[in-house]
Amino acid sequence: MARVPTGIPGFDELIEGGFIENDVILLTGGPGAGKSTFGSHYLYSGITNYNEPGVYVTFEETPGRIMRNMWRYGWDMERLIKENKLRLIRVDPIAYGRYIKKTMEPDKQEDHENATLETVLKQIYASIREIDAKRLFIDSMTSLKISPDPVNVRHIILEFIKNVESFDCTTIITSEVNKDPNNFSVEEYLAEGVICLKVFRIGGERIRSLEILKMRGVKHDEALRPYVITDKGIIVYPSESVISKEADVFSLERFSILGEE
Ligand SMILES: Nc1ncnc2c1ncn2[C@@H]1O[C@H](COP(=O)(O)OP(=O)(O)O)[C@@H](O)[C@H]1O
Ligand SMILES: [Mg+2]
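Residues numbered from 1 in each chain as written. Chains lettered and ligands numbered in written order. Predicted model: local features only at pLDDT ≥ 70, side-chain atom pairs only at ≥ 80, totals over all residues. Heavy atoms only, no water.

Draft legend 1. Main features of the overall build of the protein. In terms of regular secondary structure, the protein is built from nine helices and 11 strands. Evaluated residue by residue, the protein yields a buried proportion of 49% over its 261 residues. The contacts in the protein between residues at least 6 apart in sequence include a share of 67% that link residues at least 24 apart. Counting every atom, the protein has about 12800 Å² of accessible surface; 50% of that belongs to carbon and sulfur. (Helix = DSSP H or I, 4+ residues; strand = E, 2+ residues; numbered from the N terminus. Buried < 20%, exposed > 50% of the residue type's maximum accessible area, 1.4 Å probe, protein only. Contact = heavy atoms within 4.5 Å. Areas by Shrake-Rupley, 256 points an atom, 1.4 Å probe, with all protein chains shown as cover.)

Okay, here's the thing in structure tokens:
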């Protein structure tokens, strides 16, 4: 089976060299965990190291803001777009919200034509075809969940992932962290893999760690591994465990605080 390396230093070792081609991988984590950075790093490295064009779909930040943020890591997205190696698509969350409202109240005629699930999917697929993209990053799934009706949300997520799976792209989709660890969401079941970014605090220090919850068909690492965000993107430490690293640094009582996380 062909593998797709993320190119993120230290990460691919955790998953036998890379994702399985055309899989859909879910990346979860709270705000500031590094989800957008991880996805951009994956796309950027795909283009520059593996000659694989990529599509970045954002439901949240504007393309201008994304390009500015990525510039801080030294990644020139504008140039890659001009060279037809990258496409940046923004789905307007307000128009999308109107569409969801419309599906809830079908008698209300509102303008939602530019943001139905179908048009969003068509737009993504058109960009993929345009540059023959092999990698897709969607940031984030949370924006698709704005309907108050859980059955509607489930249907949207199912429909969305089913379509994305047919795009012949190796895909990362982000999602805000799941609050209830015993109650997995539908996308966590549907995705081939789930990567969880966790940020916690010990004393005054912020600890970033990463766990691969699942990766179907891959003999993946199961430990909590530290990662850092630098001015060149993400670095994962695949042979350092967060627990043992912290045990060296912190006293035993602090160690027990970590255990409660
Ligand atoms: N050059 C940098 N060096 C170190 N950390 C950085 C740098 N740029 C951003 N960060 C960190 O990355 C975080 C942003 O990550 P981001 O990918 O936007 O998170 P998310 O998408 O999960 O909300 C910031 O909160 C900041 O702590
Ligand atoms: Mg983000």
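Draft legend 2. The nonpolar core, seen in detail. The biggest cluster of nonpolar side chains holds 35 residues, and the ones touching the most others in it are F11, F19, F38, I195, L210, M215 and V236. Excluding residues within four positions of it along the chain, F38 makes contact with I8, F11, L27, I172, I195, L210 and I234. A133, I156, F167 and C169 belong to the second-largest nonpolar core, a separate cluster that totals 31 residues. (Core = buried A, V, L, I, M, F, W, Y, C linked by side-chain atoms within 4.5 Å.)

Draft legend 3. Structural detail: the site of ligand 1. Around ligand 1, a shell composed of 14 residues is seen, among which G32, K35, S36, T37 and I229 lie nearest. The separation between an oxygen atom of ligand 1 and a polar side-chain atom of T37 is 2.6 Å. Within the side chain of R72, an N or O atom sits 3.2 Å from a nitrogen atom of ligand 1. For ligand 1, whose unbound accessible area comes to 580 Å², protein coverage reaches 68%. Of all the elements in the fold, those that place two or more residues in the shell around ligand 1 are α1 (35–50) and β10 (225–230). Residue contributions to the shell around ligand 1 peak at three residues, all from α1. Looking at the shell around ligand 1 residue by residue, the classes come out as four nonpolar, six polar and four charged. (Near = heavy atom within 4 Å. Polar contact = N/O pair within 3.5 Å; in protein donor to acceptor, adjacent residues only side chain to side chain. Nonpolar A, V, L, I, M, F, W, Y, C, P; charged D, E, K, R; others polar.)

Draft legend 4. Representation of the packing of helix α5 (residues 117–131) against helix α6 (residues 150–165) in the model. Between α5 and α6, the least distance of the axes is 11 Å, while the angle of their chain directions is 20 degrees. If you check the angle between α5 and α6, you find them roughly parallel. Two packed elements cross with a definite hand, and for α5 against α6 that hand is right-handed. Here α5 contributes L117, L121 and I124 to the contact with α6, which in turn contributes I156, E159, F160, N163 and V164. (Axes fitted to C-alpha atoms, helices over the stretch in contact; angles between N-to-C directions. Parallel < 35°, antiparallel > 145°, perpendicular 65-115°, else oblique. Left-handed = near helix turned anticlockwise from the far one by under 90°.)

Draft legend 5. Focus on the pattern of salt bridges. The final tally for this structure, using the stated rule, is 15 salt bridges. R3 is the partner of E16 in a salt bridge, and the nearest nitrogen-oxygen pair spans 2.9 Å. In this pair, E16 sits in the loop between β1 (3–4) and β2 (19–20) while R3 sits in strand β1, placing the two residues 13 residues apart along the sequence. Judged by its relative accessible area of 28%, R3 is partly exposed. Measuring nitrogen to oxygen at the nearest pair gives 3.9 Å for the salt bridge that ties E176 to K35. With E176 in the loop between β7 (170–175) and α7 (186–190) and K35 in helix α1, the pair connects residues that are 141 residues apart, well separated along the chain. Put simply, D76, R79, E83 and K85 are held in one network by salt bridges that share partners. (Salt bridge = Lys/Arg side-chain N within 4 Å of Asp/Glu carboxyl O.)

Draft legend 6. Region of the structure containing the environment of G46. Inspection of the secondary structure assignment puts G46 in helix α1. In sequence terms G46 and G7 are 39 residues apart; their C-alpha atoms lie 7.0 Å from each other. Those residues in contact with G46 that lie beyond four places of it in its chain are N51, E52 and R135.

Draft legend 7. Expanded view of the packing of aromatic side chains. For the structure shown, the criterion picks out seven aromatic pairs. Geometrically, the ring pair formed by F11 and F38 is edge-to-face, given 5.2 Å between the ring centres and 90 degrees between the ring planes. Highlighted residues: F11 in the loop between β1 and β2 and F38 in helix α1, separated in sequence by 27 residues. Ring geometry for Y56 and F137: centres 5.0 Å apart, planes at 85 degrees, overall edge-to-face. Note that Y56 is positioned in strand β4 (residues 54–58) and F137 in strand β6 (residues 135–139), a separation of 81 residues in sequence. With relative accessibility at 0%, the residue F137 sits in the buried group. Through pairs of rings, three or more aromatic residues link up here, namely F11, F19, F38 and Y42. (Phe/Tyr/Trp six-rings, centres within 6.5 Å; stacked < 30°, edge-to-face > 60°.)

Draft legend 8. The side chain of E188, seen in detail. If you trace the backbone, E188 turns up in helix α7. Here the side chain of E188 touches S185 through a polar contact of 2.9 Å, side chain to side chain.

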